[in-house]
Protein chains: 2
Amino acid sequence: MTTQPAFRRSEPDARRLSLIEACARVLAREGIAGASVRTIAVEAGVSAGLVGHYFAGVDALIAATYAHTGARVDTALEAAVATAGEDPRARLEAFVTASFAAPIADPELLATWIAFWSLVRARPEIAALHDEQYGGFRGQLERLLADCGLPAAQLRTMAIAITALVDGLWLELCLSPRELTATEAAAIARDALARLTSPVKATG
Amino acid sequence: MTTQPAFRRSEPDARRLSLIEACARVLAREGIAGASVRTIAVEAGVSAGLVGHYFAGVDALIAATYAHTGARVDTALEAAVATAGEDPRARLEAFVTASFAAPIADPELLATWIAFWSLVRARPEIAALHDEQYGGFRGQLERLLADCGLPAAQLRTMAIAITALVDGLWLELCLSPRELTATEAAAIARDALARLTSPVKATG
DNA sequence: AACCTTGTTGGACGTTCGTACAACAAGTGC
DNA sequence: GCACTTGTTGTACGAACGTCCAACAAGGTT
């Protein structure tokens, strides 16, 4: 197919990364069912044996892909918050709505997430990785909420609620983008955020 | 292992059901990676060939398991609403919090859901099944919200928000029950529901 | 220029996969 | 009690799987 030499040597980190990216593409295209060592190796343009050289198995590669993708998400979230300026309220809103725009609102991400979730129950060390990622998201949200003046006693509860809202919207957006558009999802999240964080009115 | 005859004939529907239940158990125990025709057949106590007799493949079996489990969820939700009595508000709250108690808050359900989600992107007919299940949930929620006097213009938006909230909480509850208990998830959902459905206060 | 380290290949191995099919047995109608 | 239908088994087959490893080549060292 190419006139190049049979293989080119890469720096270990670059090769690791190319395998991770290939894994993400395969997961997006064929789902976890098609994510075999061979398929991923072909996608990355390397031999099958090389995958085993860098990762203990497909599970470890999926975990690494999740970690890498999670880091990209974190970066995007931080960038969104930074762009929002100084107003705490604007920063909170930017954080919440960033999940419904590129690069986070991406079906390719969902494929990685689902593949990872499918490993959580059977693998304690993978469950720990999930807890870490989820806890980081919630922690950052708690900080933004505190900056908005939310009482400390409500921080955890409110952060969990907003995280659930964002995750649920994001999931549905990625699963059936024909039923729910990114614009609408963002609008719903903005409105729900306003309602959730406004003081409760007495019932009756 | 048994002194019974080599096989016992079952009614087709009963056999189908036993295969579906076996599939759910395998998904819960080993994840989608372990859900092969052979494994499921052993779990159901039948030969491997019989699975092919009832389902076109593992994907079709997973789809049937999803449909069956979804129907069980619908039944549980209807029962919760019926138990709540006549007050529209109580009925709405019962519907929302039912997801955080048996039989819905069950990691075994999550395994089925994740396996199903992993097929959505690559299979249009499975995506349609998801849209149907999700639409049914949201439709029922819209009816309950309408009974509570919510303006028609807000029905869709509010139902999507609440569905996302419930899904997100349920997902997190099933993924890491050590971090989030069912009781806390239900309390959060109740509180968030109250805030979401209370009139917005003018920003000041 | 000879050498060493190591990323990389390609093929071999045993296992498990999905599928197909002939043989068999449990009901059912007569 | 005999034929017929059909749910069910057991086996066999090719394809794809994960894993291993000897051989090879690229890049750095001396």
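Shown above is the structure to which this text applies.
Scoring rules and cut-offs
- Residues numbered from 1 in each chain as written.
- Chains lettered and ligands numbered in written order.
- Predicted model: local features only at pLDDT ≥ 70, side-chain atom pairs only at ≥ 80, totals over all residues.
- Heavy atoms only, no water.
- Helix = DSSP H or I, 4+ residues; strand = E, 2+ residues; numbered from the N terminus.
- Least-squares fit on C-alpha atoms with pLDDT ≥ 70 in both.
- Contact = heavy atoms within 4.5 Å.
- Buried area = accessible area lost by both parts, 1.4 Å probe.
- Salt bridge = Lys/Arg side-chain N within 4 Å of Asp/Glu carboxyl O.
- Nonpolar A, V, L, I, M, F, W, Y, C, P; charged D, E, K, R; others polar.
- Axes fitted to C-alpha atoms, helices over the stretch in contact; angles between N-to-C directions.
- Parallel < 35°, antiparallel > 145°, perpendicular 65-115°, else oblique.
- Left-handed = near helix turned anticlockwise from the far one by under 90°.

Draft legend 1. Summary view of the environment of Asp13 of chain B. Turning to its location among the elements, Asp13 of chain B is positioned in helix 1 (residues 12-30). Once the C-alpha coordinates of Asp13 of chain B and Leu196 of chain B are considered, the two residues, 183 residues apart in sequence, prove to be 43 Å apart.

Draft legend 2. Structural detail: unusual backbone geometry. Note the cis peptide between Ala102 of chain A and Pro103 of chain A, where omega equals 0 degrees. Take Pro103 of chain A: it is sitting in the loop between helix 5 (88-97) and helix 6 (107-120).

Draft legend 3. Spatial organisation of the relation of the copies chain A and chain B. The operation relating chain A to chain B is a screw motion whose rotation component is 180 degrees, with 0.0 Å of axial translation and a residual RMSD of 0.0 Å. As the rotation angle and translation indicate, the two copies are arranged about a two-fold axis. Both copies share a contact surface, since 100% of the interface residues of chain A are interface residues in chain B too.

Draft legend 4. Looking closely at the interface of chain A and chain B. Contacts between the two partners involve 39 residues from chain A and, on the opposite side, 39 residues from chain B. Buried surface at the junction of chain A and chain B, summed over both partners, amounts to about 3,900 Å²; 65% is from carbon and sulfur atoms. Among the residues of chain A in contact with chain B, Arg121, Leu175 and Arg195 of chain A are the three that bury the most area, contributing 18% of the side total. At the junction of chain A and chain B, the tally comes to 2 salt bridges. The partner of Arg156 of chain A in a salt bridge is Glu184 of chain B, with the nearest N and O atoms 2.8 Å apart. Broken down by secondary-structure element, the contributors of at least two residues to the side of chain A that touches chain B are helix 6, helix 7 (124-147), helix 8 (152-175) and helix 9 (182-197) of chain A. Across the side of chain A that touches chain B, the residue classes tally to 22 nonpolar, 8 polar and 9 charged.

Draft legend 5. Structural view of the packing of helix 6 of chain A against helix 7 of chain A. All names here are of chain A. Axis separation between helix 6 and helix 7 bottoms out at 8 Å; the angle between their running directions is 125 degrees. Put simply, helix 6 runs oblique to helix 7. Regarding helix 6 and helix 7, the two cross each other, and that crossing is left-handed. Of helix 7, the residues touching helix 6 (which contributes Trp113, Phe116, Trp117, Leu119 and Val120) are Ile126, Ala127, Leu129, His130 and Gln133. Across the contact of helix 6 with helix 7, the residue classes break down as 8 nonpolar, 2 polar and no charged.

Purely geometric numbers; function is a separate question.
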